[in-house]
2 protein chains.
Amino acid sequence: MSDYKYPTPSLELARFVCSLRYDSLPVQVVDKIKSILLDGIACGCYGRTKPWGKMVYEFVQELGGKEEATLWLTDFKGPAVNVALALGTAIHAFDYDDYHKSKLHPASVIIPAALTMAEREGGVTTRQFLVALVAGYEVMIRVGLSVNPGVSRLKGWHLTGTCGVFGSAAAAGKILGLDEEQMAWALGIAGTQASGLWAFNYDGAMTKRLHPGRASQSGIMAAILAKKGFTGPIRILDAEDGGFWRATSDKPVPEKLLQAIGKKFECADTCIKPYASCGSNHAAIDAVRAIMANQHVAVTDIEKIIVFTSRVIKTQTGFDYLPATVLQAQMSLKYAVSAAIMFGNVLPEHMEEKCFGHPDMRRLMEKVEIVVDPEMDSLYPEHFCSKVLMITKDGKRYQVRINDPLGSEERPLKWDDVVNKASNLLRGIMAESHFNKLVEGIKNLARAEDEDIGAICKLLKI
Amino acid sequence: MSDYKYPTPSLELARFVCSLRYDSLPVQVVDKIKSILLDGIACGCYGRTKPWGKMVYEFVQELGGKEEATLWLTDFKGPAVNVALALGTAIHAFDYDDYHKSKLHPASVIIPAALTMAEREGGVTTRQFLVALVAGYEVMIRVGLSVNPGVSRLKGWHLTGTCGVFGSAAAAGKILGLDEEQMAWALGIAGTQASGLWAFNYDGAMTKRLHPGRASQSGIMAAILAKKGFTGPIRILDAEDGGFWRATSDKPVPEKLLQAIGKKFECADTCIKPYASCGSNHAAIDAVRAIMANQHVAVTDIEKIIVFTSRVIKTQTGFDYLPATVLQAQMSLKYAVSAAIMFGNVLPEHMEEKCFGHPDMRRLMEKVEIVVDPEMDSLYPEHFCSKVLMITKDGKRYQVRINDPLGSEERPLKWDDVVNKASNLLRGIMAESHFNKLVEGIKNLARAEDEDIGAICKLLKI
């Protein structure tokens, strides 16, 4: 069994994960991961207050079990594998968590896996924890890139779920100290649990929120089983019969998996969201905000708004029907554009039914048209571009094109922006003094070699 | 949300599940389900003694948690959602559990879901339990038929995993008494967790064993969440963007989903296995056994064995390499045929390394050739046919064709055969008096309207 005749893609990934050390992380990667962690925790603490966040919290609390990991902002501790399910759902509960242009939301999968496992194991340093986060990010994102994100997405998959399991297994396995063979098994056991279908858009169902939690859970289970000696397929990605690439993509790009691995860190390219809307909508929101800020167009003067974008974005968020649920409001490109016009911004408070159900909003949404632009389509997913053309009743035309939205690698949010976003999210949820301790704790993470991640976990209890 | 404009396939399924009653079950269906239950329990109690069965048992025991359901033949009780993971893995742990020509293993998914949930809820009658089993079987198998089993399988999916989640949700949801809308949500939440990749064949990894447990667990979670009000996509099957059919099959057959539902019970067509080998190998084993029994060919006289079969079977079990693990031995058609020649049968004891690793066996396997027969291919998967042509060194040719293997709907095992198989499996695992009580308990199931399934659960403790 251990006599592998050739290096498989997942064995190579396993080798990378096992050999990754804190000293090999560029300082900007460590800084980015700190922003991501603060953002993820804030999204999760906010997301658990939403109905779907509450239900999964409740489900996990009812299961009880071994007190391994803290369910944020409760006094409950439970098995890492269960707590991660709830935390992943909570972080993604408002589609406000980070995303990567490989079409996935890594924080909501990787943070729960690394944090619950670190707490479970005990004695994990903040540096080991950061390395596990980076390992998880690299694996999840690179699997996403290799599957060909646009193609797999149009096949119906939600890549946060399907690719997330690999990243979670890597992060959890790194904390567990798996050897290379066990790590490859873990990736195999994780990959065989890859799931997440996009069908939620039609009726605005809550399942999108669940996908990262489920992926996080699957990866943790995979890592724990692999450590017990449960073998997973080492050709999980590339197997012709039953490999992940072929099953979930009609056109995988295997060479993307290991391209410049360990040199280029994909986690640094993660986008921290300024808007509480699907990442696909961000460029159009930016464009609308730029027009409205510079041109002072009155809402009542608008005749038509045309959004030019890529085919995947049109399919994913360009639906015609009016949002009936928060999920649909967050996914709808027409709604995102309309909210940006009406409110000047797209924040969590603009995703309430009184906003998306308002008659004025509905009238505005009817003026939005979405058109596939072949040139933008060819740039996708390297760039989530959109161009907005706004036409007023008196025939004036305003146009702005955004190649890369605010928050992306090209226009990243600064630490203070992230703190500000987190502060807005946690107002009323966490005392200010408590919040400040959390921010300081994360900012100063990994100062010392022997600093324990347990201190952060303690701040997440009530 | 509850104002659905059109009946979707999963809403129709939900309607069927919610309306199913004990009185509408034909007597032969009830009888078949009893056989299936005895067989499934025997396979599980045997399977938990295997390394992979033990590891998942241990994993679940370590999680602890609310004492809802019994982990068979232990003194441990835990959350249904965890116990079902271990029981599903145990039942499928030796590939000796039932299968259906829709290319899936229903007992290993459905029995754990229905039984753990019945125990969790308490006060569930044996009739309610049997109805939940039938509902689970119908949903799982019909989703399998509708996805186009051969096509989805060749895409790389293990349908026990991918379609299993739906059946588990139906069985668990029936026990929970979900209404139609909740049941449709449960199917949606389950479907979005559909997973199970075939990559295990190459290195003989253990993940195949895990798929039914995982599917069982996912469906239970789906049902519990749906009851809490967590919404699932009601177009989980047919959604153009993100539906299960399109994502997991290039050529679904939607009309198979509801064809004669409630009139024809697919569970009656389930095959209870006489051989501890993949169902795809059964017809060839039958053919070889017939030749060997009637012609008295000496093993040393055999020059060549040619197996004619369908393309899916050749892809799935016709691999060239020699088995290095129990999983590969059970999947290998060449090994199955060789074991049938050497031992006259293919039972669990023939799947040990001393058998599949023996030099004589390897020499025999080299004489086996597998050829796709277009006519048999066209009959697949309605019939898992194989024809074996055996040629001896002195030029004699013996040929037997089997259209439907022993244990299939056309040649079903009798109750006494099932008892006999179970008795062989449980020898040394369960005292004879205990075994006899279990057999009697299952045989007499559903005699009385108020009989509680808890009595069977008690027999499964130690």
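Note on numbering: residues in each chain are counted from 1, in written sequence order. As a convention, the first chain written is A and the first ligand written is 1, with the rest following in written order. At least 70 in pLDDT is required for a residue's local features to be given in this predicted model, at least 80 for side-chain atom pairs to be given and counted, and no such filter applies to totals for whole chains, interfaces and linings, which use all residues. Derived side-chain values reflect all non-hydrogen atoms in the structure, with water molecules and hydrogen atoms excluded from consideration.

- The name that an unreviewed UniProt entry assigns to chain A is 2-methylcitrate dehydratase, with the source organism given as Moorella mulderi DSM 14980.

Thoughts on helix 9 (residues 164-176) of chain A
One turn of an α-helix holds 3.6 residues; hence residues three or four places apart share an orientation.
All names here are of chain A.
(1) Moving on: Elements are defined by DSSP. Helices are runs of H or I of four residues or more, strands are runs of E of two residues or more, and each kind is numbered from the N terminus. Given the number of residues in a helix, its expected span is that number minus one, multiplied by 1.5 Å. Helix length check: helix 9 (13 residues) gives 18 Å between terminal C-alpha atoms against 18 Å at 1.5 Å per residue, within 8%.
(2) Moving on: With 13 of its 13 residues buried, helix 9 lies for the most part within the structure.
(3) Moving on: Immediately beyond the C-terminal end of helix 9, within one or two residues, lies Gly177, with a positive phi of roughly 70 degrees. Buried means the residue's accessible area, taken with a 1.4 Å probe over protein chains only, is under 20% of the maximum for its type, while exposed means over 50%, and partly exposed covers the values in between.

Quick notes on the domain arrangement of chain A
All names here are of chain A.
(1) Moving on: Where each domain starts and ends follows an automatic or database-derived domain assignment. The domains assigned to chain A are domain 1 (9-273 + 438-459) and domain 2 (279-402).
(2) Moving on: The C-alpha centroid of domain 2 is placed 31 Å from the C-alpha centroid of domain 1.
(3) Moving on: Salt bridges, as used here, are contacts in which a Lys or Arg side-chain nitrogen is within 4 Å of a carboxyl oxygen on Asp or Glu. In this structure, Glu382 engages Lys256 in a salt bridge whose closest nitrogen and oxygen atoms are separated by 3.7 Å.
(4) Moving on: Within 3.5 Å is the distance limit for a polar contact, defined as a pair of N or O atoms, with the added protein rule that one can donate a hydrogen and the other accept it, and that residues adjacent in sequence qualify only through two side-chain atoms. There are 10 residue pairs in polar contact (both at pLDDT 80 or more) connecting domain 1 and domain 2.
(5) Moving on: Elements supplying a minimum of two residues to the side of domain 1 that touches domain 2: helix 7 (149-154) and helix 11 (207-228).

Regarding the interface of chain A and chain B
(1) Moving on: Pairs of residues are marked as contacts when any of their non-hydrogen atoms sit within 4.5 Å. Tallying the contact residues gives 66 residues for chain A and 66 residues for chain B.
(2) Moving on: Two parts placed together each lose some accessible area; with a 1.4 Å probe, that loss summed over both constitutes the buried area. Summed over both sides, the interface between chain A and chain B buries roughly 5600 Å², with carbon and sulfur atoms accounting for 62% of that surface.
(3) Moving on: Viewed at the interface, chain B and chain A are joined by eight salt bridges.
(4) Moving on: Note that Lys228 of chain B and Glu58 of chain A form a salt bridge whose closest N and O atoms lie 2.6 Å from each other.
(5) Moving on: One can count 34 residue pairs in polar contact (both at pLDDT 80 or more) joining chain A with chain B.
(6) Moving on: Those elements giving two or more residues to the side of chain A that touches chain B turn out to be helix 3 (51-63), helix 4 (80-91), helix 7, helix 10 (180-191), helix 11 and helix 12 (244-248) of chain A.
(7) Moving on: Gly falls in the polar group here, along with every residue not listed as nonpolar (Ala, Val, Leu, Ile, Met, Phe, Trp, Tyr, Cys, Pro) or charged (Asp, Glu, Lys, Arg). For the side of chain A that touches chain B, the residue count by class is 31 nonpolar, 22 polar and 13 charged.

Thoughts on the UniProt feature "domain: MmgE/PrpD N-terminal" (unreviewed entry) in chain A
(1) Moving on: The residues that UniProt annotates with the feature "domain: MmgE/PrpD N-terminal" (unreviewed entry) are residues 12-252 of chain A.
(2) Moving on: In the segment residues 12-252 of chain A, helix accounts for 63% and strand for 2%; the C-alpha atoms at its two ends are 17 Å apart. UniProt positions are given in the numbering used here, feature names are shortened, and annotations may be inferred rather than shown by experiment.

Points about the sheet that holds strand 4 (residues 368-372) of chain B
Residues and elements named next belong to chain B.
(1) Moving on: The pairing criterion for strands is at least two bridges between them, as found by DSSP. The strand order across the open sheet built from four strands is 4-3-5-6, with neighbouring strands paired in mixed fashion. Looking along the sheet, the strands with just one partner apiece sit at the ends: strand 4 and strand 6 (397-402). Neighbouring strand axes in the sheet, compared pairwise and without regard to direction, differ in orientation by 15 degrees on average.
(2) Moving on: Pairing between strand 3 (residues 302-309) and strand 4: five bridges, direction parallel. Considered in strand 4, the bridge of Ile306 is made with Glu369.
(3) Moving on: With axes taken as lines fitted to C-alpha atoms, and helix axes fitted only over the stretch in contact, angles between N-to-C directions fall between 0 and 180 degrees. Its contacts with the sheet place helix 13 (residues 282-295) against strand 3, strand 5 (386-392) and strand 6, and it is angled at close to 140 degrees to strand 6.
(4) Moving on: Against the sheet, helix 16 (residues 333-343) makes contact with strand 3, strand 4 and strand 5, and its axis sits at roughly 130 degrees relative to strand 3, the strand it touches most.

Side note on the pattern of salt bridges
(1) Moving on: A complete count under the given rule lists 50 salt bridges over all chains for this structure.
(2) Moving on: Two residues, Asp238 of chain B and Arg235 of chain B, come together in a salt bridge whose shortest N-O distance is 3.3 Å.
(3) Moving on: It is possible to trace a salt-bridge network through shared partners that takes in Glu58 and Glu62 of chain A together with Lys228 of chain B.

Quick word on helix 21 (residues 432-443) of chain A
Residue and element names in this part refer to chain A.
(1) Moving on: When the terminal C-alpha atoms of helix 21 are compared, their 16 Å separation across 12 residues agrees well with the 16 Å that a helix rising 1.5 Å per residue should span.
(2) Moving on: Turning to helix 21, its buried residues are Phe435, Leu438, Val439, Gly441 and Ile442. Down the axis of helix 21, the smallest arc covering the buried residues is 165 degrees, so these residues share one side. Among the exposed residues of helix 21, those oriented more than 90 degrees off its buried face are Glu432, Ser433 and Lys437. Summarising the geometry, the arc corresponds to the directions from the helix axis toward the C-beta atoms.

Description of the side chain of Asp97 of chain B
All names here are of chain B.
(1) Moving on: Its location among the elements puts Asp97 in the loop between helix 4 (80-91) and helix 5 (107-121).
(2) Moving on: Of the side chains with opposite charge, Lys273 lies nearest to the buried Asp97, which makes no salt bridge, at 5.3 Å.
(3) Moving on: Looking at Asp97, its side chain comes within polar contact range of the side chain of His92, at 3.0 Å.
(4) Moving on: A polar contact is formed between the side chain of Asp97 and the side chain of Ser108, at a distance of 3.3 Å.
(5) Moving on: Apart from residues lying up to four places away in sequence, Asp97 is in contact with Asp39, Cys43, Ile91, His92, His105, Ser108 and Lys273. Here Asp and Glu are counted as negative and Lys and Arg as positive; His is not counted, and neither are the chain ends.

Focus on the packing of aromatic side chains
Residues and elements named next belong to chain A.
(1) Moving on: Two rings belonging to Phe, Tyr or Trp (six-membered ring only in the last case) form a pair when the distance between their centres is within 6.5 Å. Interplanar angles under 30 degrees mark stacking, angles over 60 mark edge-to-face geometry, and anything in between is tilted. On inspection of all chains with the given rule, the structure shows 15 aromatic pairs over all chains.
(2) Moving on: Ring centres of Tyr335 and Phe356 lie 6.2 Å apart, and the angle between their planes is 90 degrees; this geometry places the pair in the edge-to-face category. With Tyr335 in helix 16 (residues 333-343) and Phe356 in helix 17 (residues 353-356), this pair connects stretches of sequence that are 21 residues apart.
(3) Moving on: Overall, the relative accessible area of 0% leaves Tyr335 in the buried class.

Comments concerning the sheet that holds strand 5 (residues 386-392) of chain A
Sheets are built from strands that pair by backbone hydrogen bonding, the pairs being arranged parallel or antiparallel.
Residue and element names in this part refer to chain A.
(1) Moving on: As summarised here, the arrangement of the four strands in space is 4-3-5-6, forming an open sheet in which the pairing is mixed. The open sheet is flanked by strand 4 (368-372) and strand 6 (397-402), the only strands paired with a single partner. The sheet shows a mean angle of 15 degrees between the axes of neighbouring strands, direction not considered.
(2) Moving on: Bridge analysis of strand 3 (residues 302-309) against strand 5 gives seven bridges, and the strand direction is antiparallel. Bridging across to strand 5, Ile305 finds its partner in Met390.
(3) Moving on: Across the face of the sheet, helix 13 (residues 282-295) comes into contact with strand 3, strand 5 and strand 6 while running at roughly 140 degrees to strand 6.
(4) Moving on: Across the sheet, helix 16 touches strand 3, strand 4 and strand 5, and the angle it forms with strand 3 is around 130 degrees.

A closer look at the relation of the copies chain A and chain B
(1) Moving on: Residues reaching a pLDDT of at least 70 in both copies supply the C-alpha atoms on which the copies are superposed by least squares. Least-squares fitting of chain A to chain B yields an RMSD of 0.0 Å, with the transformation described by 0.0 Å of translation along the axis and a rotation of 180 degrees. Expressed as a symmetry operation, the mapping of one chain copy onto the other fits a two-fold axis. Scanning chain A for the C-alpha nearest the rotation axis identifies Gly65 of chain A, at a separation of 1.7 Å.
(2) Moving on: Here 100% of the contact residues of chain A are again contact residues in chain B; the copies associate through an equivalent surface.

Section: the packing of helix 1 (residues 9-19) of chain B against helix 6 (residues 126-147) of chain B
Residue and element names in this part refer to chain B.
(1) Moving on: Contact geometry of helix 1 with helix 6 gives a least axis separation of 10 Å together with a crossing angle of 160 degrees. Our classification of the angle between helix 1 and helix 6 gives roughly antiparallel. With respect to the hand of their crossing, helix 1 and helix 6 are arranged in right-handed fashion. Contacts from Leu13, Phe16 and Val17 of helix 1 reach helix 6 at Ala135, Glu138, Val139 and Val143.
(2) Moving on: Looking at the contact of helix 1 with helix 6 residue by residue, the class counts come to six nonpolar, no polar and one charged. Convention used here: angles under 35 degrees read as roughly parallel, angles over 145 as roughly antiparallel, angles from 65 to 115 as roughly perpendicular, and any remaining angle as oblique. Here is the rule for handedness: rotate from the far helix to the near one, and if that takes an anticlockwise turn smaller than a right angle the crossing is left-handed, while a clockwise turn gives right-handed.

Quick notes on the pairing of strand 6 of chain B
Every regular strand shows the same layout, with side chains that alternate between the two sheet faces.
(1) Moving on: Two elements, strand 5 of chain B and strand 6 of chain B, share six bridges in a ladder whose sense is antiparallel. Counterpart to Val388 of chain B in the pairing with strand 6 of chain B is Val400 of chain B.

Describing the packing of helix 11 of chain A against helix 3 (residues 51-63) of chain B
(1) Moving on: Two numbers describe how helix 11 of chain A lies on helix 3 of chain B: the axes approach to 10 Å, and their chain directions differ by 125 degrees. Viewed along their axes, helix 11 of chain A and helix 3 of chain B adopt a mutual orientation that is oblique. Our pair here, helix 11 of chain A against helix 3 of chain B, has a crossing hand that is right-handed. Residues Met221, Ile224, Leu225 and Lys228 of chain A of helix 11 of chain A form the contact with helix 3 of chain B, whose own contacting residues are Met55, Val56, Glu58, Phe59 and Glu62 of chain B.
(2) Moving on: Residue composition of the contact of helix 11 of chain A with helix 3 of chain B, grouped by class: six nonpolar, no polar and three charged.

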